[in-house]
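For reference, the chains in residue letters:
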Amino acid sequence: MRTKTRPSIGRIAAWVYLIAILLITIFPFYWILRTALSDNYALLAHPSSVLPVDFTWGPFRRVLGLATPEEALAEGGSGASIQLGRYIFNSVVYATLSTALIVFFSTIAAYAFARLQWKGRELVFSLFLAALMVPGILTLLPNFVLVKELGLLNTFAGMILPYALFSAFNIFFLRQFMLGLSTETEEAALIDGAGRVRILFGITLPMTSGPIVTLSILGFIGMWNDYFWPLLVTSDETVQPLTLALAVFKQASPQSQPDWAGLMAATLVAAAPMLVLFMVFGKRIVNSIGFTGLK
């Protein structure tokens, strides 16, 4: 018979700590959901209630454009609506094109740093590493001036191009993985007369598919959630992403009290695709980071 061992104090403390961190992390998401399922008028009377106040699907119906203005006003809504389909389309275009360009050019640069021998390679790579230490906020003003001078304000090109050609982290991430790849296959291809471009797309890229998918997922999530840069370079609803629609929805309220229930419902609608994406591919992301040797 197996003897039951009592859990040690350290193990109990570790579990208590993990559970506390988990609750602290999840609680803001629960509070958003609780607000999104509440009547906006009732929230004013019971702001500290842990459970939804006068449970209703009205906020989601308002955001999705399924509620009439009268129904929205009856539940404390503003009566305003957002063109959710257009904003989602804009976010998909912005996030997809940005991610594709960033990952593509980062892959080419990483291959040059990891698999090619050329003079000054280590010096140039050191400059790339130095770029990791530059706060992104410092590049906003120069990029805005550049986009403005090129006449690209209120365009997808203006939102995408400033960050499409360079990502120091992506280059470093992919280079770390490529350094660990075997050179035998490439050497055999060179002997058979294959060029570097053919080796890159025919051999190296298939072997690097895991990290590339990981960067694509992380990049897509980052671009989907991007707010400040689109806010700087766009004022036209035809190109603004979904993150800006939340601000538009909040400002559209003709009442003194914002439609907090509707705003939280819109936030959940905007975040839901990214949560699903991360849950589906979360294991792949963790495994790919482990393969690169990053700590």
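The preceding data block contains the structure.
These numbers were taken from a predicted model, which means no experiment stands behind them.

### Considering helix α1 (residues 9-36)
Between its first and last C-alpha, α1 extends 40 Å over 28 residues, near the 40 Å set by a 1.5 Å rise per residue. Approximately 35° is the largest bend angle found in α1, and it occurs at F27, with the proline P28 only one to four residues beyond. Along α1, the residues classified as buried are R34, T35 and A36.

### What to know about unusual backbone geometry
We note that D54 has phi near 50°; this positive angle belongs to a residue other than glycine. Here D54 shows up in the loop between α2 (40-45) and α3 (58-63). For D54, a relative accessible area of 53% gives the class exposed. Despite not being glycine, N154 shows a phi value in the positive range, around 60°.

### Notes on the pattern of salt bridges
Overall, the coordinates contain 2 salt bridges when judged by the stated rule. A salt bridge links R86 to E237; the nearest nitrogen and oxygen atoms lie 3.9 Å apart. Taken together, the residues R86 in helix α5 (residues 84-115) and E237 in the loop between α13 (228-233) and α14 (242-251) connect sequence positions 151 residues apart. Taking relative accessible area as the criterion, R86 reaches 33% and is therefore assigned partly exposed. R121 is the salt-bridge partner of E122, the closest N and O atoms lying 3.1 Å from each other. Judged by relative accessible area, which is 43%, E122 ranks as partly exposed.

### Focus on the packing of aromatic side chains
With the rule as written, the count across this model stands at 14 aromatic pairs. Ring centres of F27 and Y30 lie 6.3 Å apart, and the angle between their planes is 40°; on these two criteria the pair is classed as tilted. With F27 and Y30 both in helix α1, this residue pair falls 3 residues apart, about one helical turn. Take Y30: its relative accessible area is 29%, and that puts it in the partly exposed class. Among the aromatic residues, those joined into a cluster by ring pairs are F113, W118, F125, F128, F166 and F172. Lying across the ring of W31, R34 places its NZ or CZ 4.1 Å from the centre. Between R175 and the ring centre of F125, over which it is positioned, the NZ or CZ distance is 3.9 Å.

Rules used throughout
Residues numbered from 1 in each chain as written. Predicted model: local features only at pLDDT ≥ 70, side-chain atom pairs only at ≥ 80, totals over all residues. Heavy atoms only, no water. Helix = DSSP H or I, 4+ residues; strand = E, 2+ residues; numbered from the N terminus. Expected span 1.5 Å × (residues − 1). Bend = angle between axes of the 7 residues up to and from the residue. Buried < 20%, exposed > 50% of the residue type's maximum accessible area, 1.4 Å probe, protein only. Salt bridge = Lys/Arg side-chain N within 4 Å of Asp/Glu carboxyl O. Phe/Tyr/Trp six-rings, centres within 6.5 Å; stacked < 30°, edge-to-face > 60°. Lys NZ or Arg CZ within 6 Å of the ring centre and 35° of its normal.

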